[in-house]
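Understanding the architecture of this molecule
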Amino acid sequence: MTRLLDIRGLRIEAQSREGRTEIVKGVDLSLNRGEILGLIGESGAGKSTLGLAAMGHVKPGCRITGGSIRFDGLELAGADARLLRQVQGRRIAYVAQSSAAAFNPAWRLIAQYCEGPVQHRLMPRAQAEAEAVSLYREMRLPDPERIGARYPHQVSGGQLQRAMTAMSMSCHPELLIFDEPTTALDVTTQIEVLAAIREVVRRHDAAAIYITHDLAVVAQMADRIKVLLKGREVEEAPTREMLAAPREDYTRSLWAVRNFQPAPRDEPAAPEPILSIVGVSASYGTHPVLRDVSISVPRGRTVAVVGESGSGKSTTARVVMGLLPPTAGQVVFDGQVLDPLSRNRPRTLQRRLQMIHQMADTALNPRHRVREILGRPLEFFLGLRGRKKEDRIRDLLDQIELEPDRFIDRLPGELSGGQKQRLCIARALAAEPELIICDEVTSALDQLVAEGILRLLDRLQREMGLSYLFITHDLATVRSIADEVVVMQNGAVVEQGPKAQMFQPPHHPYTEKLLSSVPEMDPDWLTRLLGQRQMQEKGAA
Amino acid sequence: MILKLVLRRFAIGALTLLVVSALIFWAVELLPGDIASEVLGQSATPETLAAFRERNGLTDPAMLRYLHWLGGALTGDFGLSLANQRPIAELIGQRVANTFFLAGYAAVIAVPLAIGLGLLAALYRGSALDRFISTSTLAVISFPEFFVAYILILLFSAWLGWFPSLATVSPGMGLGARLYATFLPALTMVLIVMAHMMRMTRAAIVNLLALPYIEMAQLKGLRRWRVIAVHALPNAVAPIFTVVALNLAYLIVGVVLVEVVFVYPGLGQLLVDSVAKRDMTVVQAACLIFAATYIVLNLLADVLGIVSNPRLLHPR
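Conventions adopted
- Residues numbered from 1 in each chain as written.
- Chains lettered and ligands numbered in written order.
- Predicted model: local features only at pLDDT ≥ 70, side-chain atom pairs only at ≥ 80, totals over all residues.
- Heavy atoms only, no water.
- Helix = DSSP H or I, 4+ residues; strand = E, 2+ residues; numbered from the N terminus.
- Rg over C-alpha atoms; globule rule 2.2 N^0.38 Å.
- Buried < 20%, exposed > 50% of the residue type's maximum accessible area, 1.4 Å probe, protein only.
- Contact = heavy atoms within 4.5 Å.
- Domains from an automatic or database assignment.
- Buried area = accessible area lost by both parts, 1.4 Å probe.
- Salt bridge = Lys/Arg side-chain N within 4 Å of Asp/Glu carboxyl O.
- Polar contact = N/O pair within 3.5 Å; in protein donor to acceptor, adjacent residues only side chain to side chain.
- Nonpolar A, V, L, I, M, F, W, Y, C, P; charged D, E, K, R; others polar.
- Disulfide = S-S within 2.5 Å.
- Pairing = 2+ DSSP bridges.
- Axes fitted to C-alpha atoms, helices over the stretch in contact; angles between N-to-C directions.
- Expected span 1.5 Å × (residues − 1).
- Phe/Tyr/Trp six-rings, centres within 6.5 Å; stacked < 30°, edge-to-face > 60°.
- Lys NZ or Arg CZ within 6 Å of the ring centre and 35° of its normal.

To continue, consider the overall build of chain A. A tally of regular secondary structure across chain A gives 23 helices and 20 strands. Computed over C-alpha atoms, the radius of gyration of chain A comes to 25 Å, within 12% of the 24 Å expected from 2.2 N^0.38 for 541 residues, which places it in the range of a compact globule. Projected onto its principal axes, the C-alpha coordinates of chain A cover approximately 70 × 60 × 45 Å. For chain A, with 541 residues in total, the buried portion stands at 54%. A sequence separation of at least 24 residues applies to 68% of the contacts in chain A between residues at least 6 apart.

This part is about the domain arrangement of chain A. All names here are of chain A. If you check the domain split of chain A, you get domain 1 (5-253) and domain 2 (273-504). For domain 1 versus domain 2, the distance between C-alpha centres works out to 35 Å. The interface of domain 1 with domain 2 comprises 11 residues on the first partner and 6 residues on the second. Surface buried jointly by domain 1 and domain 2 totals about 790 Å² across both partners, of which 44% is contributed by carbon and sulfur atoms. Of all residues in domain 1, E42, D186 and H213 bury the most surface against domain 2, accounting for 51% of the area lost on that side. Between the two partners, domain 1 and domain 2, sit 0 salt bridges. Counting across the interface, domain 1 meets domain 2 through 1 residue pair in polar contact (both at pLDDT 80 or more). If you list the elements that add at least two residues to the side of domain 1 that touches domain 2, you get α8 (187-203) and α11 (249-256). When the residues that make up the side of domain 1 that touches domain 2 are grouped by side-chain class, the tally is 4 nonpolar, 4 polar and 3 charged.

The next thing to look at is the interface of chain B and chain A. Interface size is often expressed as the accessible area that is lost when the parts come together. Taken together, the contact between chain B and chain A spans 20 residues of the former and 26 residues of the latter. Summed over both sides, the interface between chain B and chain A buries roughly 2,300 Å², with carbon and sulfur atoms accounting for 56% of that surface. Considering only the side of chain B, the residues that lose the most area to chain A are M216, L219 and K220 of chain B, jointly responsible for 29% of the buried surface there. At the junction of chain B and chain A, the tally comes to 3 salt bridges. For K220 of chain B, the salt bridge identified is with E115 of chain A, shortest N-O distance 3.1 Å. For the interface between chain B and chain A, the tally reads 15 residue pairs in polar contact (both at pLDDT 80 or more). Those elements that place two or more of their residues in the side of chain B that touches chain A are α10 (212-219), α11 (224-232) and α16 (310-313) of chain B.

In this structure the tally under the stated criterion is 0 disulfides over all chains. Counting only cysteine sulfurs, C171 of chain A is the nearest neighbor of C114 of chain A, a cysteine outside any disulfide, at a range of 10 Å.

Residue and element names in this part refer to chain A. Here we have 6 strands laid out as an open sheet, ordered β6-β7-β8-β3-β9-β10, and mixed in their pairing. Across the chains shown, the open sheet's two edge strands, defined by having one partner strand only, are β6 (92-95) and β10 (232-238). If you compare each strand with its neighbour and ignore which way they point, the axes differ by 15° on average. The pairing of β6 with strand β7 (residues 175-179) spans 4 bridges and is classified as parallel.

Among the 8 residues of α10 of chain B, 6 are classified as buried, and the element is accordingly described as predominantly covered. Restricting attention to buried positions, one finds in α10 of chain B the residues Y213, I214, E215, M216, A217 and L219 of chain B. Against α1 (47-53), β6, α3 (99-102) and α7 (157-168) of chain A together with α9 (183-209) and α11 of chain B lie the buried residues of α10 of chain B. Following α10 of chain B by one or two positions, G221 of chain B adopts a phi angle in the positive range, close to 80°.

Take helix α19 (residues 447-464) of chain A next. Residue and element names in this part refer to chain A. Along its 18 residues, α19 runs 26 Å from first to last C-alpha, staying within 8% of the 26 Å computed at 1.5 Å per residue. Of all the residues in α19, the buried ones are Q447, A450, E451, G452, I453, L454, L456, L457, D458, L460 and Q461. The positive-phi residue at the C-terminal boundary of α19 is G465, with phi of around 65°.

Once that is clear, we can look at the environment of G329 of chain A. All names here are of chain A. Inspection of the secondary structure puts G329 in strand β14 (residues 328-333). Distance from G329 to V278, taken between C-alpha atoms, is 5.6 Å for residues 51 residues apart in sequence. Ignoring sequence-local partners within four residues, the contact set of G329 consists of V278, G279 and V280.

For sheets, the rule is that strands pair by backbone hydrogen bonds, running either parallel or antiparallel. All names here are of chain A. If you trace the 6 strands from one edge of the open sheet to the other, you get β16-β17-β18-β13-β19-β20, paired in mixed fashion. The open sheet terminates on both sides in strands that have one partner only, identified here as β16 (353-356) and β20 (492-498). When strand polarity is set aside, the average angle formed by the axes of neighbouring strands in this sheet is 15°. For strand β13 (residues 302-306) and strand β18 (residues 467-472), the ladder comprises 5 bridges, and the chain directions are parallel. Considered in β18, the bridge of V303 is made with L469.

In this section: the packing of aromatic side chains. Under the definition given, this model contains 14 aromatic pairs over all chains. When the centroid spacing of 5.2 Å and the interplanar angle of 45° are considered together, the rings of F143 of chain B and F147 of chain B count as tilted. Given a relative accessible area of 44%, F143 of chain B falls into the partly exposed group. Judged by relative accessible area, F147 of chain B falls into the partly exposed class, the value being 38%. What links up through ring pairs into an aromatic cluster is the set F156, W162, F163, Y180 and F183 of chain B. Its end group placed over the ring of F380 of chain A, R347 of chain A keeps NZ or CZ at 3.9 Å from the ring centre.

Below you can see the structure in the form of structure tokens.
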């Protein structure tokens, strides 16, 4: 039997300002009908490039410089637009990472679903619409008859991702490319999407390439796993085999990330709180988003706030920072009640309370060099000038483990994602704060890079006695760095306490749901969990 | 929510127009010299001057005259021309119609052509066609408009003899004859306004081409023109409308020189004549019409921009 997809010695080059760099360096990949292959690796490994190449597509600025891509006997490398149009969308379909960005905001969901089959002349519009509804139902979307009439901005992220998977099935493709389809979703939503994707792929007997950087996720989805590093294959093996016995050091290091544990500290009696949020409620317009939230952060400790998106985690941070005045309650910092608005707070107070954002990319001015980015808070809060300021900037760069001589004159665009986040940490440190609010600071980073950031934050806490209010939706992160955990849902705190206690049963039902939703390495985990939940639902009914 | 936004735009438009009308009125008011002696000449006796002021309401306080003028303007009555004492509305009516006709003529050609060429340039970005479209349209707007007009006259009327060099129109003329007579001024204006709209269309589309949903459309195996026309264009509508409105306004307001070159009896020419004759009431009326056109067109672009945004049109 011929293979559905056979990629041999594929090389892809990217053209950038500095010249050409090879991003895929001779990779082989093969896939049988009905098989699911997991592609895994950190960012820059070339997994997305390889996934798109399997459709014969390369991003603008890239080109295929060698090798072949044979899909069911057709050569896609260097194929003309006509041939590619016959294959793309119709026989090979793509599911993008961010469905919010990949749906056209100007058209209804069902119009975008029908476009493929109608344009490829596979079926009339009416039939496409009928099939859309049945796929929406299969994907367990609410109100499948009418959800297609909505615009992309009118449905939630998890629903949109399922609608996109449905859309990719519209032409009954033989091969599906999933490019990190659940990375942007929180754990509870991720489960639903994973289950729906797995079921629909199996039922329609399609082959798939599943790209992700999350090993536990790929373990649930793939029959085989291929590990990539910097454009080369590290190893490939059937899923169970690889999980049981990874051959290469690099693969093992991917495993190890999940196990980062800071050294236990000498436990003194619980210190007095540096920050107390007391009975805070807040709303956007008339829409209430926080209800009677009380959280306290002991000095020198890390309090993690977890919950799915929309649970009010970031809003809590905005209230503390004085960006959103609360409708009730108050924020007490080191014994002083803080003014609801940041601009009314004295500068010394602003200095002692800093924040690091999720998107280091957008939190840094792209036209300022590292020297200006770090120099500004030094001038503004501490009044440093000239020689003293320069010395302090270099100290800060040393602290975040970036070599001052190499980095001080760079622009943010010349830094990697992890380096940018380090720079944001240094900027917060420049003010010599006592409390730092970290808003999903590792969520946009790869596991290896994220681990580096967590180690850095941990070290800084030990050296300077910093306190962190750490907002995240990732329970693995919480498990590794938190001293205390606060679980939020729908704008209210449902449970809080020391970490050890929170990870021990019995749990609040919502905490239980969150915890059980974190994917585990066991390839049977998803099947088992879905079975359990079904049983519970039956029991409840 | 969308109704509120649109109503707000209308309110802002009305307010702007009010401010502009006040500026126009007071600017003329501040001009040195006495209107009565300007009109009646140096030999006028104090009695005739007083009688003239009385008749034209010039003795009233300025505020009262402003309100009176504004109220009249709203009902289409702009008062009397100082130069020949005829009602301005009568004087201006045909001129306004002529100017709008010419602008409409040019717009009907220029807008689809510019957007079409912009789409083509975006579709074949970086190709010879793209560069040809971009440089040629840019070259044309680099010349002053009267120069373009004279070149066209030289080419089409003096050498080839295809079109008349004077755009003479009369009220009883048929549409065909009218279109023929005004072809050269219309063509001049098409050339002048096209580059801006075409470049904006191209830039707005190219801006979108890097977005994930455009890549997604490509990966669905759609034809390239469909990706651009169906997926990119609807999302570029707001910036394109803005530029189209600006240029439509320019077609009406900025054509003074073109009208003069082709001796076309439009509002622009009337304005030039009236300034020469110091016929201030006519100048006031013409300015107010220009300002109103400008504001209304920009208002329309704003409203279309709001209405074309699915997030506003279909709230959650």
